[in-house]
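Per-entry structural report
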Amino acid sequence: MSLFKARDWWSTILGEKEEFDQGCLCVADVDNSGSGQDKIIVGSYMGYLRIFNPHPVKPGDGVQPEDLLLEVQLREPILQVEVGKFVSGTEGLHLAVLHCRKLCVYAVSGTLGNVEHGNQYQIKLMYEHNLQRTACNMTYGPFGGVKGRDLICIQSMDGMLMLFEQESYAFGRFLPGFLLPGPLTYSSRTDSFITVSSCRQVESYKYQVLAFATDADERQETEQQKLSSGKRLAVDWVLNIGEQALDICVVSFNQAVSSIFVLGERNFFCLKDNGQIRFMKKLDYSPSCFIPYCSVKEGTINTLVGNHSKMLNVYQDVTLKWATQLPHIPVSVKVANLHRDLKGVIVTLSDNGHLQCSYLGTDPSLFQAPRVDSREINYEEFDAEMKELQKVIKEATKTQDIFPKSEKHRDLIVTAEVSPNLDAESQAIDSELKAEAVPSVTVKITIQSRVTAQKPNLAVCVQAPLAVTCDQFIFDDLEPDSSETVVLSVFLKGNCSPSELEGNCVVSYNTPTGILKVAQCNFRLPLRLICFPAQPSKAANHKLTIDTNKPPISFLTIFSDFVDPSEDDQANVLAFQFLTGSKTTLLASKTSQRYRIQSDQLEDLWLITKELTLRLEEHFKKQNCKDFACTFSGSIPLQEYFELIDRHFELRLNAEKFQELLSERAVQFRAIERRLLTRFKDKTPAPLQHLDTLLEGTFREVIALADAAEENQANMFQAFTKLKSATHLVIMLISLWQKLSADQVAILEATFLPLAEDTQELGWEETVDAAISYLLRTCLSKSSKEQALTLSSQLCMPKDTSRLKKNITLFCDRLAKGGRLSLSTDSATQQAAVMPGGCTTIPESDLEERTVIPGSTATFPNHGQIAKQKSKPGLSDDAAEEAEKP
């Protein structure tokens, strides 16, 4: 404990979670009591104004109820409080309160009560000024040498000095070369304003120069103002201090020379009235506030400097005279006379509201070290304890514990079992489908715990438009080697096909030591949940051909849940009717190793294509065939994919338009309501002039717009689901076309499917465009010039999708010419290793022609078969269909 500790005379904590700063503290005889005792005025950023008159029974006592004279909430943040002669016709002191957009002047008065605690204080608003600009700080004084009254000068955030002659606004002037506001004060000796600019220099402006300068109606100076040098605002003197200033104070005592004190970030300066340095002191700490006050030694000035180390230093000019410890970091410090016999009390305020009145003194430490009890040491007991601790440490630091535990050794295991058959009685509820019967499938989830699991919580997630009958389960604490089982059903709720048939189970729980842990598992839903067998159709708008390296497998084998074993004609042809109404046909070639998927909608191809590849892989895996592979050598359906992008983007634009129209109609509706309310409140009723009719019409428009916006939102959700399905399909075709590895497919998915949900603030188009642009600039760049391009750091909704479609086309073209996906920073070396000749330059004109031709389908040949295709054209999709019809 330090000897040099501030002695607590009186202290209190102001409010809860309130914030305070430099201008929030003031001390003065604000109620004009005439006793010479100062009151403490505190304002907060929460808008509370408090006035204290401390009278502790003994030093160190806390706040008493009678110490708080007044507490009011002014509803606006208080930036600064000052006391001066602000009201005309009287020389009494009044309180000026500065808000962000308002200046208020109050009279504080007290009424003597008949009992001990009966004194009542109140504030009366004398006048207020509404500010056109956001205020930063203010200063006051007898500007221009006036007698018996104080004028107020407010500095705005954009550098304008607004001067008020008490109840009236005088004029406003902009400071030249302004960037950020700094501290501001007034010197009555030189009748000038002193501030510190963003150039880190102290500047002084004469009041007379401000008064006769050109009026500041606009921020920018006109050419006429620049030419008329006599009216331009000119600085009186400038001093470069080389650092930002925290505060400025002008002092003038009888036994000391008038001085200007400036507290910087690492120094504090004492200047003469003409700007010359009297002395400066380099500080070895970070100061937070200061206040100069009168010294007992003639010709010197004392200064209190608070810092961020909770210290308050007392300087006599540049000599450190005392250093005392505070219980908080002060943001403002004042010296006040709070009692007749107690003058010079130090008042400090912290940023969280710790207000303290203290005085300097010593606080000797009375601590004595306790006597150590002597006892015999049992070394055998200590050795046994040491061995046990070493055993625990050794078990905890084993190498295998660094890696994740295997499934069978985890503390809690969650498993999901999907029923192989659909529910006999559907559990679907509130489905939007128009189908007669919406099927559902049962999922059985089991939680097995090897340890005590406290407050286990199970969440089941499936992607919309799929839904579950119950998605949240809360269990009682699980004992070791116990289990819990829940059963739920999954069904199709929305009126569109999902983009994925997968679900996720997540269990969160606490261990007995309080550690939060999570266990999860995934499950795959059957295809029968969203479609059923139907009659095949020969005609289709969209067709895909998947090549394999094995003979085609009969659909009776791999799609046994969709075909009837007695019907041999379904061995090579199978149709899937989705619950939403669309149909997809699957064909297997009898002569070649190909499968054809066709449908009228591009997005409907995805789930059937994925299901086909998964079932083929599972079939050949059971046959112990490890070299099975699927490839795609057709054309990527980019043009059809772009149509889905345009449809989704069009609905996003419509959503913006509906939002703007709703906002306009809502403003109109409220304006009509206000006028009607005014008419109804009038003592002499006036005719409504069809305002009621206008109100009803506006109300109907608001309801109609809200319904249209809701319908557009539903359409946008369906369009985004279709876009995700088509995106999955494009990713799969690109991976089969270019034979991408699992890591490259992961990069592709992260690029094209970055969002689980689509919003107006962050949409799919701008996110994917930024991701593709990054890949084109890094691993798929063709020159160092492209790598040097900088991408925009802000994502915003584009005006159209032309740039996105152009980048997607360029992306596929770069992959066709040998580019490889990688997140490595050394993209140039990677490109040189993969492409010895490098990527040839793609003419922008040629690229634009490819992009904008309607109805065209971009075709990119396999880079491994380019030489073959030059000599022998490949089989087109239509020719393959005719040649391989079963």
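Residues numbered from 1 in each chain as written. Predicted model: local features only at pLDDT ≥ 70, side-chain atom pairs only at ≥ 80, totals over all residues. Heavy atoms only, no water.

**Some points on the overall build of the chain**
When its secondary structure is counted, the chain shows 15 helices and 42 strands. Classification of the 886 residues of the chain by burial places 45% in the buried group. Roughly 47,600 Å² of accessible area belongs to the chain as shown, and the carbon and sulfur atoms make up 50% of that amount. (Helix = DSSP H or I, 4+ residues; strand = E, 2+ residues; numbered from the N terminus. Buried < 20%, exposed > 50% of the residue type's maximum accessible area, 1.4 Å probe, protein only. Areas by Shrake-Rupley, 256 points an atom, 1.4 Å probe, with all protein chains shown as cover.)

**Side note on the sheet that holds strand 35 (residues 502-510)**
Paired through their backbone hydrogen bonds, the strands of a sheet run either parallel or antiparallel. Strand order across the open sheet formed by four strands is 33-31-35-36, with antiparallel pairing between neighbours. At either margin of the open sheet sits one strand with a lone partner, and together these are strand 33 (472-474) and strand 36 (516-524). Between one strand axis and the next, the sheet turns through 15° on average, direction left out of account. Where strand 31 (residues 454-462) and strand 35 come together, seven bridges link them in antiparallel fashion. Each bridged residue has a counterpart across the sheet, and for Ala459 the counterpart in strand 35 is Val506. (Pairing = 2+ DSSP bridges. Axes fitted to C-alpha atoms, helices over the stretch in contact; angles between N-to-C directions.)

**With respect to the sheet that holds strand 39 (residues 573-578)**
Across the sheet, six strands lie side by side as 37-39-40-41-38-42; this open sheet has antiparallel pairing. The sheet terminates laterally at strand 37 (531-534) and strand 42 (630-631), the two strands that pair on one side only. The pairing of strand 39 with strand 40 (residues 583-588) spans five bridges and is antiparallel. Opposite Ala575, over in strand 40, you have Thr585 as the bridge partner. Each of strand 38 (542-548), strand 39, strand 40, strand 41 (594-599) and strand 42 is contacted by helix 5 (residues 605-622), which is oriented at about 160° to strand 41, the strand it contacts most. (Contact = heavy atoms within 4.5 Å.)

**Observations regarding the environment of Lys657**
Tracing the backbone shows Lys657 in helix 6 (residues 638-681). Its relative accessible area of 51% is what places Lys657 among the exposed residues. A sequence separation of 52 residues divides Lys657 from Ala709, and the C-alpha atoms of the two residues are 9.1 Å apart.

**Points about the packing of helix 6 against helix 9 (residues 764-777)**
Here helix 6 crosses helix 9 at 130°, and the two axes come no closer than 10 Å. Comparing the axis directions of helix 6 and helix 9 gives the class oblique. Facing helix 6, whose interface residues are Tyr641, Ile645, His648, Phe649 and Arg652, helix 9 presents Trp764, Glu765 and Glu766. Looking at side-chain class alone, the contact of helix 6 with helix 9 contains four nonpolar, one polar and three charged residues. (Parallel < 35°, antiparallel > 145°, perpendicular 65-115°, else oblique. Nonpolar A, V, L, I, M, F, W, Y, C, P; charged D, E, K, R; others polar.)

**Quick word on unusual backbone geometry**
Residue Pro465 follows Ala464 across a cis peptide bond; omega there is 15°. Following the sequence through the fold, Pro465 ends up in the loop between strand 31 and strand 32 (466-468). In this structure, Asp317 is a non-glycine residue whose phi angle is positive, near 60°. Within the fold, Asp317 resides in the loop between strand 24 (311-316) and strand 25 (319-325).

**Observations regarding the layout of surface pockets**
One number sums up the size of the second largest pocket: a volume of about 670 Å³. Lining the second largest pocket are 24 residues; nearest its centre among them are Thr613, Leu614, Glu617, Met732 and Ser735. Looking at the lining of the second largest pocket, the elements with two or more residues in it are helix 5, strand 42, helix 7 (691-738) and helix 8 (742-752). Sorting elements by how many residues they give to the lining of the second largest pocket places helix 5 first, with seven residues. (1 Å grid on protein atoms, 1.4 Å probe; cavity = no way out; pocket = protein on both sides within 12 Å on 5 of 7 lines; lining within 4 Å. Points joined across faces, edges and corners; volume = space filled by probe spheres on them.)

**Section: the packing of aromatic side chains**
Enumeration over the complete set of coordinates arrives at 20 aromatic pairs. Following the ring pairs from residue to residue traces out a cluster consisting of Phe143, Phe171, Tyr186, Phe193 and Tyr207. (Phe/Tyr/Trp six-rings, centres within 6.5 Å; stacked < 30°, edge-to-face > 60°.)

**Details of the packing of helix 8 against helix 9**
It is the contact of helix 8 with helix 9, at a shortest axis distance of 8 Å, that shows an interaxial angle of 140°. Comparing their axes, helix 9 and helix 8 come out oblique. Contacts from Ile747, Thr751 and Phe752 in helix 8 reach Trp764, Val768, Ala771, Ile772 and Leu775 in helix 9. The class makeup of the residues in the contact of helix 8 with helix 9 is seven nonpolar, one polar and no charged.

**Section: the pattern of salt bridges**
In this structure the tally under the stated criterion is 26 salt bridges. Put simply, Lys39 and Asp31 hold a salt bridge, and the shortest N to O gap is 3.1 Å. Residues Lys39 and Asp31 agree in their burial class; the two are buried. (Salt bridge = Lys/Arg side-chain N within 4 Å of Asp/Glu carboxyl O.)

**Brief notes about the nonpolar core**
In terms of nonpolar packing, the biggest core is built from 99 residues, with Leu458, Ile530, Tyr641, Phe811 and Leu821 touching the most fellow members. Top element by residues in this core is helix 7. It accounts for eleven residues. Residues in contact with Ile530, not counting those within four places in the same chain, are Leu466, Leu492, Pro498, Leu501, Gln577, Phe578, Leu579 and Leu607. (Core = buried A, V, L, I, M, F, W, Y, C linked by side-chain atoms within 4.5 Å.)

**Comments concerning the side chain of Asn807**
Within the element layout of this structure, Asn807 appears in helix 11 (residues 802-816). Classification of Asn807 as buried rests on a relative accessible area of 10%.

**Notes on the pairing of strand 25**
Across six bridges, the pairing between strand 24 and strand 25 is antiparallel. Paired with Gln316 across the two strands is Thr319, which belongs to strand 25.

**So, the confidence of the model for the chain**
Overall, the predicted model of the chain reaches an average pLDDT of 82, with 84% of residues at or above 70. Scored below 50 in pLDDT, residues 218-230 shows eleven contacts in the model against residues more than four places distant or in partner chains. The model gives residues 826-886 a pLDDT under 50, and that stretch makes 89 contacts with residues more than four places away or in other chains. (pLDDT = per-residue confidence, 0-100.)

**As for a negative patch on the surface**
Taken together, the side chains of Asp476, Asp477, Glu479 and Glu484 define an acidic patch exposed on the protein surface. Structurally, the position occupied by Asp476 is in the loop between strand 33 and strand 34 (482-492). Judged by its relative accessible area of 66%, Asp476 is exposed. (Patch = residues over 30% accessible without salt bridge, like charges linked within 9 Å, V, L, I, M, F, W, Y side chains within 5 Å. Lys, Arg positive; Asp, Glu negative; His and termini not counted. Charge placed at Lys NZ, Arg CZ, Asp CG, Glu CD.)

**What to know about helix 9**
Here helix 9 contains 14 residues, and its C-alpha end-to-end distance of 20 Å stays within 8% of the 20 Å for a straight helix at 1.5 Å per residue. Within helix 9, ten of the 14 residues are buried, leaving the element largely enclosed by the surrounding structure. By the burial criterion, the buried members of helix 9 are Trp764, Glu765, Glu766, Thr767, Val768, Asp769, Ile772, Ser773, Leu775 and Leu776. (Expected span 1.5 Å × (residues − 1).)

**Points about the pairing of strand 34**
For a regular strand, side-chain orientation follows a simple rule: the groups alternate between the two sheet faces. The pairing of strand 30 (residues 440-449) with strand 34 spans ten bridges and is antiparallel. By the bridge assignment for strand 34, Ile445 is matched with Val486. Direction of pairing for strand 32 relative to strand 34: antiparallel, over a ladder of three bridges. Note on strand 34: the bridge partner recorded for Val468 is Val490.

**Considerations on the side chain of Thr303**
Within the secondary structure layout, Thr303 lies in strand 23 (residues 301-307). Ignoring any residue separated from it by four or fewer positions in sequence, one finds Thr303 in contact with Phe261, Phe268, Phe290, Ile291, Pro292, Tyr293, Asn313, Val314 and Tyr315.

**A word on helix 5**
Between its terminal C-alpha atoms helix 5 stretches 26 Å, which fits the 26 Å expected from 18 residues at 1.5 Å a residue. Most of helix 5 sits inside the fold, with 13 of its 18 residues counted as buried. Once helix 5 ends, the next one or two residues include Asn624, with phi positive near 60°.

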